[in-house]
Amino acid sequence: MKKILVPTDFSDYADNAVKYAIEMAKTMKATIHLCHAMAMPEVSPMAGMVVWPVEDDDRIKENSDVFLQKYVDKISKNSNIPITHSSEAGPVQQMVENLSEKLHIDLIIMGMAGAGKLSHFILGSNSLEVMEKSKVPVILVPKNANFTGLQKIAFATDLAESDLNAIQKVAHLLHLFNTDILLTHVSDKKQDKHQTEIDDFINDVICKINYSRIYFRNVDQDDIDKGLSWITKNGHIAMLAMVHKRMHFLKRTLKGSHTKNLAHQIEIPLLILPEDDSQISW
């Protein structure tokens, strides 16, 4: 049985991510672990400061656990999905990393505040660290995104061989939804050489990936972000999937990341997959 990790700060954005996770879990026959990162008072004494008692740390955690239990009881009323919970002190990214390894998590689902803003519990460095360090797929869910099934998703590809493993992971993750996967390549190149590259990639997909509901579309656009934004608005898709490529720091700083840019633009869930060059397996 698959396991879904859902960090929450009890905001509207996080609530919607929880609802989305529950709907996915029903079809995936998955369990959900809800987690909350507690912001503890500074424990290192400084001049003129009073040290915060350890007992108060324990009280904060106890109160958080009680609140989490009440929250789980509330959201579990109309669902038969097994939901466990825990709270930890410290940064969100560290909590997510620890729980992912400890609980053998298959998927992380987090809230995203619509077009342009991320929920504050993954804002800034936290969101970047979760995307860059997570070893499992992450779904960012906008505040107003409703789960309407996953009949069709788009997978953004640059025709890299490393994308094959990610496509297989998407197929393995979503095959119970009978999802159509639209491989989307954004390019304005029309040379025969480029068409040969496309043909070779499609042939690799057919030969190496064990999933029949895969299609291909080339979007004629010289700007990748604009091309992907177009497919999310006009392609009748329920989710956009992308591999978070780990680039050299200087290149990333100068050119940015399409994954990060799209997280600030789209109004449908964004599935982010870690880059993985390991051998493809089902």
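By convention here, each chain's residues receive numbers from 1 onward along its written sequence. Reporting of local features is limited, given that this is a predicted model, to residues whose pLDDT is at least 70; pairs of side-chain atoms are given and counted only at 80 or more, and all residues count toward the totals for whole chains, interfaces and linings. The side-chain numbers reported here are obtained from all heavy atoms of the structure, hydrogens and water having been left aside.

1. Looking at the overall build of the chain
Okay, so step 1: Helix and strand labels come from DSSP, where a helix needs a run of H or I of at least four residues and a strand needs a run of E of at least two; each type is numbered from the N terminus. In terms of regular secondary structure, the chain is built from 9 helices and 10 strands.
Okay, so step 2: Accessible area is worked out with a 1.4 Å probe on protein chains only. A residue is then buried under 20% of its type maximum, exposed over 50%, and partly exposed in between. Within the chain, the fraction of its 282 residues that count as buried is 47%.
Okay, so step 3: Should any heavy atoms of two residues lie within 4.5 Å, those residues are considered in contact. Look at the contacts in the chain between residues 6 or more apart in sequence, and 81% of them connect residues 24 or more apart.
Okay, so step 4: By element, 52% of the accessible surface of the chain is carried by carbon and sulfur atoms, the whole surface being about 15,000 Å². Using a 1.4 Å probe, accessible areas were evaluated by the Shrake-Rupley method; residue-level cover was limited to the displayed protein chains.

2. Observations regarding the packing of aromatic side chains
Okay, so step 1: Two aromatic rings from Phe, Tyr or Trp, using only the six-membered ring of Trp, form a pair when their centres are within 6.5 Å; if the ring planes differ by under 30 degrees the pair is stacked, by over 60 it is edge-to-face, and anything between is tilted. Counted under the stated rule, the structure contains 4 aromatic pairs.
Okay, so step 2: Taking 4.7 Å as the distance between ring centres and 80° as the angle between the ring planes, the aromatic pair formed by phenylalanine 10 and phenylalanine 67 counts as edge-to-face. Linking phenylalanine 10 in the loop between β1 (3-7) and α1 (12-28) with phenylalanine 67 in helix α2 (residues 54-75), this pair joins segments that are 57 residues apart in sequence.
Okay, so step 3: Counting every residue linked through ring pairs, the aromatic cluster contains Phe10, Phe67 and Tyr71.

3. Focus: helix α5 (residues 162-174)
Okay, so step 1: A helix is expected to span 1.5 Å for every residue after the first. With 13 residues, α5 extends 19 Å from end C-alpha to end C-alpha; this agrees with the ideal 18 Å at 1.5 Å per step.
Okay, so step 2: Among the 13 residues that make up α5, 11 are buried, leaving the element largely enclosed by the rest of the structure.
Okay, so step 3: Restricting attention to buried positions, one finds in α5 the residues Ser162, Asp163, Leu164, Asn165, Ala166, Ile167, Gln168, Val170, Ala171, Leu173 and Leu174.

4. Some words on helix α3 (residues 92-102)
Okay, so step 1: Among the residues of α3, Val92, Gln93, Met95, Val96, Leu99 and Ser100 are the ones counted as buried. Projected onto a plane normal to the axis of α3, the buried residues spread over an arc of 160° and lie on a single side. With respect to the buried face of α3, the exposed residues turned more than 90 degrees away are Glu101 and Lys102.
Okay, so step 2: Downstream of α3 by a residue or two, histidine 104 has a phi angle that is positive, lying close to 55°. Directions drawn from the helix axis to the C-beta atoms are what define this arc.

5. Concerning the pattern of salt bridges
A pair can form between side chains of opposite charge whenever their charged atoms are brought close.
Okay, so step 1: Each reported salt bridge corresponds to a side-chain nitrogen of Lys or Arg within 4 Å of a carboxyl oxygen of Asp or Glu. Counted by the stated rule, this structure contains 2 salt bridges.
Okay, so step 2: Across the salt bridge formed by glutamate 23 and lysine 26, the nearest N and O atoms sit 3.1 Å from each other. With glutamate 23 and lysine 26 both in helix α1 and 3 residues apart, the pair spans about one turn of that helix.
Okay, so step 3: Residue lysine 26 is classed as partly exposed on the basis of its relative accessible area, which comes to 41%.

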